[in-house]
Amino acid sequence: MAGGALGLTGMFSFSQLSGKATKEENDWVYPSDDLIDRCYDNGRSSTYAIDIDAPAYAVYRHLKQIGCDKAGSYSSEFLERNFARLPFYNSYEIQEHWQGPDAMQPGDIAGFDYTGMSMEWTDIVPGKYVSQWVDTKHPPKAPGSFAFRYPGMKHYAAAWCFYVVPLKGERCRLINHWRIGFEPDNGIAASINWVNIELIGGCMAHLQNIYIKRVVEFRKKPQIQARIKRAVLGGKVFGFGTPAGRYDGTELYEDTHNVWLRYGRQDPACNEVRPPVTENTEWPPTGPGTPWADVVDEHYFDSWEEPEFSWDEQIRQKKEKTYLKNWGKKTSEGK
C-alpha cells in the first residue's frame, strides 16, 4: 500500500510538476488539432516541452524513427514493456532506411505493437512536425488494425503530435502534444483520459523529451545490457585479445548505441573474401545424386524474376487463401 502510494506520488510529481509546457504553449492551437476539433466539441490538450541545445532538424530526424517497428519510443523501455505491455526496444542511432522520403508517409501505421492497436501517421511536414492520429469514427485503413478506445466510450480520438520550434543560436524547443476527444462526455471518461494523457502519458511524454534531448546533445550513454553483451560476446572478457569489431577501442564503436544497419552496403565485408552472390543459376541442384533429385521442380525458376510487391495481390491472398500460379514467371498470369 505504501509502495503504491509512493509510486503514484512520484508519477504525479514527475508528470505534473515538471516537464510541462507553458500555459501559453498548452493553450495554443496547433496545426493538427483540427483532426480532433472537426469531429468532437470537447477537445482537450496535454502538452510537454523542452529546450534542446541542437538544431531543429537534428531532433526531427529522431521523430521520424519513433515506433515499435523502428527505433522504439524514446522513453523508458522498462515501463513500456512491463506496464504498458508494448514491444518497444530503443535504438538511438539514425538509420538510413528510416530517413528517406519513403520512410514515413501519411497512412503508415505509427506502431505501438503488432496486435492491431493503431494510430496512423497523418501530418508529416519535413523538418517541422509529425502527427499521428486515431479516431473510432474514422478507423485506420490497414487490414488488421483497429482504433482503440477506453471502457464506457462510444467514440474516442487522439492526435499525438511532435513539433520543433527553431530557436536562435542553433537550438530548438520540442513540443510533445496530445489532443483528444471522446463521446459520451462524462466524468468517468474524463477521469480515464486524465490518467491516460496526463498521469501515465505525461510521464511517458516527459521521459521522451528528456531522452531525445540527451540523444541529440550527444549525452545519452549506451544501455547497460548492450555494454554487457558487447563485453562478453564481443571479446573484451573472453576474446584473448582478439578484436571483434573494426572500430574496437574507438569512439565510433564505444559511443555508438546500435549497429548502423545499412552502412555495409557501401562495401560488404565479404568482398575481402569474395563478392556477395545475388544470382545463382546453379540453385537448386537438380542432377542425379542430389538430395531432392526425385522431387525437385526443375523448371520452377525458368523465366522467373522477383515480382513487384502489390498490396492488391496481398489482399487477394488473404481473402482467397491461394497463391498465383507460376508466381514470378514472365507470363500474364504470373506477374
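Quick notes on the rules
- Sequence order as written defines residue numbering, which begins from 1 separately in each chain.
- Where local features are concerned, this predicted model is filtered to residues with pLDDT of at least 70; where side-chain atom pairs are given and counted, the filter is 80 or more; whole-chain, interface and lining totals use all residues.
- The side-chain values count all of the structure's non-hydrogen atoms but skip hydrogen atoms and water molecules.
- Secondary structure elements follow DSSP: runs of H or I no shorter than four residues count as helices, runs of E no shorter than two count as strands, and numbering proceeds from the N terminus.
- Working definition: with a 1.4 Å probe on protein chains only, accessible area under 20% of the residue-type maximum means buried, over 50% means exposed, and in between means partly exposed.
- Residue contacts are defined here by distance: any two heavy atoms, one from each residue, within 4.5 Å place the two residues in contact.
- Surface accessibility in these figures is a Shrake-Rupley result with a 1.4 Å probe; residues are shielded only by whichever protein chains are displayed.
- Neither His nor the chain ends contribute to the count of charged residues, in which Lys and Arg are positive and Asp and Glu negative.
- Charge positions are represented by NZ for Lys, CZ for Arg, CG for Asp and CD for Glu.
- The definition of a polar contact used here is a pair of N or O atoms within 3.5 Å, where within protein one atom must be able to donate a hydrogen and the other to accept one, and adjacent residues in sequence count solely through side-chain atom pairs.
- DSSP bridges decide pairing: two strands pair if at least two such bridges lie between them.
- In this analysis, axes come from line fits to C-alpha atoms, helices being fitted only over the stretch in contact, and the angle between any two N-to-C directions falls in the range 0 to 180 degrees.
- Two rings belonging to Phe, Tyr or Trp (six-membered ring only in the last case) form a pair when the distance between their centres is within 6.5 Å. Interplanar angles under 30 degrees mark stacking, angles over 60 mark edge-to-face geometry, and anything in between is tilted.
- Only when the NZ atom of a Lys or the CZ atom of an Arg is both within 6 Å of the ring centre and within 35 degrees of the ring normal do we say a charge sits over the ring.

**Student:** Just give me the short version of the overall build of the protein chain, but keep the residues and values in it.
**Tutor:** Of regular secondary structure, the protein chain possesses nine helices and six strands. When its C-alpha atoms are laid out on the principal axes, the protein chain stretches across 75 × 60 × 50 Å. Relative to its 335 residues, the protein chain shows a buried fraction of 39%. Taking all contacts inside the protein chain whose residues are at least 6 apart in sequence as the whole, residues at least 24 apart take part in 64%. Carbon together with sulfur atoms contributes 58% to the accessible area of the protein chain, which is approximately 20700 Å² in total. Distance from the positive charge centre (39 side chains) to the negative charge centre (44 side chains) of the protein chain: 4 Å.

**Student:** Outline the environment of Phe162, listing residues and values.
**Tutor:** Summarising the element assignment, Phe162 is placed in strand β5 (residues 155-167). For the pair Phe162 and Lys128, spaced 34 residues apart in sequence, the C-alpha to C-alpha distance is 8.6 Å. Contact partners of Phe162, with chain neighbours within four places excluded, come to Leu63, Ile66, Lys128, Tyr129, Val130, Gln132, Ile175, Asn176 and Gln208.

**Student:** Outline the environment of His62, supporting the account with residue identities and numerical values.
**Tutor:** Inspection of the secondary structure puts His62 in helix α4 (residues 56-63). C-alpha separation for the pair His62 and Trp121, spaced 59 residues apart in sequence, amounts to 15 Å. A polar contact of 2.7 Å, which involves the side chain of His62, links it to the side chain of Tyr74.

**Student:** Go over the pairing of strand β4 (residues 129-135) with me, naming the residues and quoting the values.
**Tutor:** Most of β4 sits inside the fold, with seven of its seven residues counted as buried. Judged by which residues are buried, β4 turns out to be covered on both faces: Tyr129, Ser131, Trp133 and Asp135 on one side and Val130, Gln132 and Val134 on the other are all buried. As judged from the five bridges shared by strand β3 (residues 118-125) and β4, these two strands associate in the antiparallel manner. Note that in β4 the partner of Trp121 across the bridge is Gln132. What sits between the antiparallel neighbours β3 and β4 is a turn of three residues, in which Gly127 has the positive phi angle 80°. Bridging between β4 and β5 involves seven bridges; their strand directions are antiparallel. Residue pairing for β5: Gln132 is matched across the bridge by Trp160.

**Student:** Go over the pairing of β5 with me, naming the residues and quoting the values.
**Tutor:** On a regular strand, each side chain points to the face opposite its neighbour's, so the side chains alternate between the two faces of the sheet. With respect to burial, β5 is a largely interior element, ten of its 13 residues being buried. Sheet topology places β5 next to strand β6 (residues 171-183); 13 bridges connect them, and they run antiparallel. If you follow Trp160 over to β6, its bridge partner there is Trp178. As consecutive antiparallel partners, β5 and β6 are separated by three residues, and within that stretch Gly169 has a phi angle of approximately 85°, a positive value.

**Student:** Please set out the sheet that holds β4 residue by residue, giving values where relevant.
**Tutor:** Ordered in space as β1-β6-β5-β4-β3-β2, the six strands form an open sheet in which the pairing is antiparallel. Either end of the sheet is taken by a strand with one partner, and the two such strands are β1 (44-52) and β2 (109-111). Between one strand axis and the next, the sheet turns through 25° on average, direction left out of account. Across the sheet, helix α6 (residues 187-216) touches β1, β5 and β6, and the angle it forms with β1 is around 15°.

**Student:** Any details on the packing of aromatic side chains? Residues and values, ideally.
**Tutor:** Following the criterion strictly, the structure yields 19 aromatic pairs and no others. Residues Tyr74 and Tyr92 carry aromatic rings whose centres are separated by 5.7 Å and whose planes lie at 70° to one another, so their mutual orientation is edge-to-face. Placement of the pair is Tyr74 in the loop between α4 and α5 (77-82) and Tyr92 in the loop between α5 and β2, with a sequence separation of 18 residues. On the basis of relative accessible area, Tyr74 is assigned to the buried category, the value being 0%. Look at Tyr92 and you get buried, because its relative accessible area is 4%. Arranged with centres 5.4 Å apart and planes meeting at 90°, the rings of Phe301 and Trp304 form a pair that is edge-to-face. Phe301 gets classed as partly exposed once you look at its relative accessible area, which sits at 42%. On the basis of relative accessibility, which here comes to 32%, the residue Trp304 falls in the partly exposed class. Members of the aromatic cluster, joined through ring pairs, are Phe112, Phe148, Tyr150, Tyr156, Trp160, Phe162 and Trp178. Lying across the ring of Tyr40, Lys137 places its NZ or CZ 4.1 Å from the centre.

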